[in-house]
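# Structural description and commentary
What follows is the residue order along each chain.
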Amino acid sequence: MSDAPDRELRISKIRDGTVIDHITGGQALNVLAILGIGGDEGMGVSIGMNVPSDKLGTKDVVKVEDRELSQGEVDVLSLLAPEATVNIVREFEVVEKKRVERPGRVVGLLTCPNHNCITNADEPVESAFEVVDDGVRCEFCGEIVREDIGDHLAVH
Ligand code: CTP
Ligand code: ZN
């Protein structure tokens, strides 16, 4: 099909930074929220949402310039995007490619949906969730978040 390339959205390669690839379609904005990127930090961010993928059908891609992600940040992404690959790019070359791994617990990044939970009272208590088979479980009240974990991100 001669006109196919015109229909493809191509995001530029980056010189230095992190490419998060194979993100579950539609989760790119939640990935940015986990990373604490709102756009006013001034770094270059490119987002592709629901782009065609051989492996996943459709996927999201996030490219963050001049920032390399820590293992902890990467692992939390696994809750939203278990298939994600994290590529560290230096001088235009991929120098490291990591798969995300499910962490054992997630501290400070999620809010508990139970309004009576101590983490939602005006107390100096940081949220903590244990990662269980079917989601994440609040260590304070036992509430389990199974779906839409991205809706329970603590605002940075
Ligand atoms: N990438 C980029 N800028 C660079 C190098 C790579 O934005 N300077 C992006 C590519 O567009 C791709 C991702 O980083 O989305 C991984 O690059 P690469 O490992 O070269 O691609 P693949 O071999 O297709 O990776 P995979 O097998 O993980 O799909
Ligand atoms: Zn709770």
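How each quantity is defined
Residues numbered from 1 in each chain as written. Chains lettered and ligands numbered in written order. Predicted model: local features only at pLDDT ≥ 70, side-chain atom pairs only at ≥ 80, totals over all residues. Heavy atoms only, no water. UniProt positions renumbered as here; feature names shortened; annotations may be inferred. Patch = residues over 30% accessible without salt bridge, like charges linked within 9 Å, V, L, I, M, F, W, Y side chains within 5 Å. Areas by Shrake-Rupley, 256 points an atom, 1.4 Å probe, with all protein chains shown as cover. Salt bridge = Lys/Arg side-chain N within 4 Å of Asp/Glu carboxyl O. Helix = DSSP H or I, 4+ residues; strand = E, 2+ residues; numbered from the N terminus. Buried < 20%, exposed > 50% of the residue type's maximum accessible area, 1.4 Å probe, protein only. Pairing = 2+ DSSP bridges.

Per an unreviewed UniProt entry, the protein goes by the name Aspartate carbamoyltransferase regulatory chain and belongs to Halobaculum saliterrae. Heading Subunit (unreviewed entry) of the UniProt record for the protein holds this comment: "Contains catalytic and regulatory chains."

Together, Leu29, Val45, Ile47 and Met49 give the surface a local cluster of nonpolar side chains, amounting to about 310 Å² of exposed area. Along the chain, Ile47 falls in strand β2 (residues 45-53). For Ile47, a relative accessible area of 35% corresponds to the partly exposed category.

With that out of the way, let us pick up the pairing of strand β8 (residues 135-138). Put simply, side chains in a regular strand alternate between the two faces of the sheet. Strand direction decides the pairing type here: strand β7 (residues 128-132) and β8, joined by four bridges, are antiparallel. Pairing of Val131 across the sheet is with Val136, part of β8. Connecting β7 to the antiparallel partner β8 that follows it, the hairpin turn spans two residues. Summarising the sheet, β8 and strand β9 (residues 144-145) pair through two bridges and their orientation is antiparallel.

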